[in-house]
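Fold and geometry: a report
One letter stands for each residue in the lines below.
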Amino acid sequence: MKYQTILVIFVIAFISSTLVSLKVPCDTQNTCAKVEGNLLGKINNGYLGMVSFAILTLVTFSHIKNPRRYKKEIIHYGIVIGSMIAIYFIYLQQFVIKAYCKYCVVIDFGVLIALVIAILTWKK
C-alpha cells in the first residue's frame, strides 16, 4: 500500500509539473508566473519536475510489479532529494517571493507527504 500511495503522489506531482511547464495560469493575479520566474531563474523547473516525476512514477510502478532493492533505493533517494528541494521552494515562496503557485504547493507538499510515508514505513 505504501508504494501505491507514493505512486499516486508522483502522478499528481507529474501532472502539476506539466501544468507549470505549460504555464497554465493558476489564478487571476498570475502569481504562478511570478513564482516560476524566480525559483530557478532561466531554468524551467516545470520541465525538470516532469522528467523527474515521470522517472519516479515509472520506477515506482515497476517496483510495485516486480520489487527490487535498487528500485526501492531510487524511490527513497528521489523522495529525500525532492523533499530538500520542496523545502527550499516553500521557503522561497514564503519569504523571498511572497507569492504562491498553487501547482508548486501541490508538488512540494506531495513530496513532503511521500517523505513522511517513507519514514513511517521504513524497513531495513
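All of the points below concern the structure found in this document. (Residues numbered from 1 in each chain as written. Predicted model: local features only at pLDDT ≥ 70, side-chain atom pairs only at ≥ 80, totals over all residues. Heavy atoms only, no water.)

Let's talk about the packing of aromatic side chains
Threshold: Here a Phe, Tyr or Trp ring, Trp counted by its six-membered ring, pairs with any other such ring whose centre lies within 6.5 Å, and the pair is stacked when the planes are under 30 degrees apart, edge-to-face when over 60, and tilted otherwise. Each helix is a run of H or I in the DSSP string that is no shorter than four residues. Each strand is a run of E no shorter than two, and both are numbered from the N terminus. Buried means the residue's accessible area, taken with a 1.4 Å probe over protein chains only, is under 20% of the maximum for its type, while exposed means over 50%, and partly exposed covers the values in between.
Evaluated as defined, the whole model comprises 3 aromatic pairs. Ring geometry for Phe-10 and Phe-53: centres 6.1 Å apart, planes at 40°, overall tilted. Taken together, the positions of Phe-10 in helix α1 (residues 2-21) and Phe-53 in helix α3 (residues 45-65) put the pair 43 residues apart, joining distant regions of the chain. Residue class for Phe-10 comes out buried when judged on its relative accessible area of 2%.

Re the environment of Gly-78
By the element assignment, Gly-78 lies in helix α4 (residues 69-97). Taking the C-alpha atoms as reference points, Gly-78 and Val-111, 33 residues apart in sequence, are found 9.3 Å from one another.

A look at the nonpolar core
Going by this rule: Remark: nonpolar core denotes a set of buried residues (Ala, Val, Leu, Ile, Met, Phe, Trp, Tyr, Cys) joined through side-chain atoms within 4.5 Å. Every residue pair with non-hydrogen atoms within 4.5 Å of one another is taken to be in contact.
Of all hydrophobic cores here, the largest spans 15 residues; its most connected members are Ile-6, Phe-10, Phe-53, Ile-75, Ile-79 and Ala-114. For this core, the secondary structure elements donating two or more residues are α1, α3, α4 and α5 (102-120). When sequence neighbours within four positions are dropped, the list of residues in contact with Ile-75 reads Tyr-3, Ile-6, Phe-10, Leu-56, Val-59, Thr-60 and His-63. Counting 5 residues, the second largest nonpolar core, distinct from the first, contains Val-20, Cys-26, Tyr-103 and Cys-104.

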